[in-house]
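Single-letter residue listing:
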Amino acid sequence: MSTTFQLDTSTSRSHPTPTPLRRVTIPAIRQRKVDGVTAEPVVMLTAYTARQAQLLDEHCDLILCGDSLGQVIYGLPSSLQVTLEMMIAHGAAVVRGSYHAAVVIDMPFGTYEASPQQAFTNAARVLAETGAGSVKLEGGAAMAETVAFLTQRGIPVMGHVGLTPQAVNVLGGYNARGRSDVEAKKIVADAKALSDAGAYAVVIEGVVEPIAIAATKAVSCLTIGIGASAQCDGQVLVTEDMMGMFERVPRFVKRYAAMAETISEAVAQYAADVRARSFPGIEQTYQPK
Ligand code: KIV
């Protein structure tokens, strides 16, 4: 991927403003799928903070400020407790920390399902208050009218089908979907309904591989897989999962780093240094000139 991005040198106390760079647009990403083929798969990861976005930005086409922040950042039991205010605060931070990737923000549970008008009011607020370029919402054919309403009024929408965490109370858990014929047909039909309604992409989460492939073939928009298939048009993971921030690794996650262990070792060393009064040392203290 060619990019003009330069990783800036912010510290925990300063956030320099980099030279403005051109951000990838949603239409440019959408146009990657031509006649059902996506030559260059779409790279997407989640971010919830400005610094995290800075580190991902160079490498990603899309950064998702997902409502998984409920569990990952806030320690909530599910994404159902996430509010619009949380998404706006974190989404704005992600936009401030990124200059290249297009930013997508999850619409939280209860802020878009009641009607297309409710969805438009809240999605417009998300875009206006964060500066992000699109929103993501969960649900299949039932949300098609809303997707058409938003896209026709200037809000690009990413759909989300299969395992939809906001529907955990209806689904009964976080298990993979599409194992029965009925469920498999519904997932493909849901993806198609969203694509036909104007969604530029659909996340396919936790779906048995042949159904993820069938859905990818059935739709003209991009499919972004998570626990789905490498044949999807792109992939997404929760960054903390792929960075190894958690010890439990779900089947669909590949651990690309061992951050939990690295942080634990670093903190143990810091604690030992503080207790031994060997931190701060001469290098970290200000001495009279
Ligand atoms: O909330 C989220 O992070 C998501 C991704 C896992 C797709 O929806």
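The structure presented is a predicted model; accordingly, all values stated were derived computationally and were not measured.

A. A look at the overall build of the protein chain. Counting its secondary structure elements, the protein chain contains eleven helices and ten strands. What you see for the protein chain is a C-alpha radius of gyration of 20 Å, in line with the 19 Å of a compact globule of 289 residues. Judged by the C-alpha coordinates and their principal axes, the protein chain covers about 70 × 40 × 35 Å. For the protein chain, the proportion of contacts with a sequence separation of at least 24, taken over those separated by at least 6, is 57%. With 24 positive and 27 negative side-chain charges, the protein chain shows a spacing of 1 Å between the two charge centroids.

B. Region of interest: a nonpolar patch on the surface. A cluster of nonpolar residues, Met 245, Phe 246, Ile 263 and Val 267, forms a patch on the protein surface that exposes about 320 Å² of accessible area. Looking at the element boundaries, Ile 263 is found in helix α11 (residues 259–275).

C. Spotlight on the site of the ligand. As a structural note, the neighbourhood of the ligand is formed by Thr 46, Leu 64, Gly 66, Asp 67, Ser 68, Asp 106, Lys 136, His 160, Ile 226, Val 236 and Val 238. Interatomic distance of 2.5 Å between a side-chain N/O atom of Ser 68 and an oxygen atom of the ligand. Within the side chain of Asp 106, a nitrogen or oxygen atom sits 3.1 Å from an oxygen atom of the ligand. Considering only residue class, the shell around the ligand consists of four nonpolar, four polar and three charged.

D. Representation of the pairing of strand β9 (residues 222–226) within the structure. Of all five residues in β9, five are buried; the element is thus mostly enclosed. Judged by which residues are buried, β9 turns out to be covered on both faces: Leu 222, Ile 224 and Ile 226 on one side and Thr 223 and Gly 225 on the other are all buried. Both strand β8 (residues 201–205) and β9 contribute to a ladder of five bridges, which runs parallel. Paired with Val 203 across the strands is Ile 224, a residue of β9. Regarding topology, helix α9 (residues 209–218) serves as the crossover connection from β8 to the parallel β9, and that connection is right-handed. Taken together, the two bridges between β9 and strand β10 (residues 234–237) define a ladder with parallel strand orientation. Its bridge partner lying in β10, Gly 225 is registered against Gln 235.

E. Spotlight on the side chain of Asp 241. Take Asp 241: it is sitting in helix α10 (residues 239–242). Within the buried set, Asp 241 has no salt-bridge partner at all; the shortest N-O distance to an opposite charge, 7.8 Å, is to Arg 248. For Asp 241, the residues in contact, after removing those within four places along its chain, are Phe 246, Val 253 and Arg 255.

F. Quick peek at the packing of aromatic side chains. As enumerated under the stated definition, the model contains two aromatic pairs in all. An angle of 80 degrees between the planes, with centres 6.4 Å apart, marks the rings of Phe 120 and Phe 149 as edge-to-face. Remark: Phe 149 occurs in helix α6 (residues 144–151) and Phe 120 occurs in helix α5 (residues 116–130); sequence separation between them is 29 residues. On the basis of relative accessible area, Phe 149 is assigned to the buried category, the value being 16%.

G. Expanded view of the nonpolar core. In this structure, Leu 62, Val 135 and Met 158 are the most contacted members of the largest nonpolar core, which totals 75 residues. If we skip the residues at most four places from it in the chain, Val 135 touches Val 104, Ile 105, Met 107, Ala 123, Val 126, Leu 127, Leu 150, Ile 155, Pro 156, Val 157 and Met 158.

Parameters at a glance
- Residues numbered from 1 in each chain as written.
- Predicted model: local features only at pLDDT ≥ 70, side-chain atom pairs only at ≥ 80, totals over all residues.
- Heavy atoms only, no water.
- Helix = DSSP H or I, 4+ residues; strand = E, 2+ residues; numbered from the N terminus.
- Rg over C-alpha atoms; globule rule 2.2 N^0.38 Å.
- Contact = heavy atoms within 4.5 Å.
- Lys, Arg positive; Asp, Glu negative; His and termini not counted.
- Charge placed at Lys NZ, Arg CZ, Asp CG, Glu CD.
- Patch = residues over 30% accessible without salt bridge, like charges linked within 9 Å, V, L, I, M, F, W, Y side chains within 5 Å.
- Areas by Shrake-Rupley, 256 points an atom, 1.4 Å probe, with all protein chains shown as cover.
- Salt bridge = Lys/Arg side-chain N within 4 Å of Asp/Glu carboxyl O.
- Near = heavy atom within 4 Å.
- Polar contact = N/O pair within 3.5 Å; in protein donor to acceptor, adjacent residues only side chain to side chain.
- Nonpolar A, V, L, I, M, F, W, Y, C, P; charged D, E, K, R; others polar.
- Buried < 20%, exposed > 50% of the residue type's maximum accessible area, 1.4 Å probe, protein only.
- Pairing = 2+ DSSP bridges.
- Right-handed = clockwise from strand over helix to strand, strands pointing away.
- Phe/Tyr/Trp six-rings, centres within 6.5 Å; stacked < 30°, edge-to-face > 60°.
- Core = buried A, V, L, I, M, F, W, Y, C linked by side-chain atoms within 4.5 Å.

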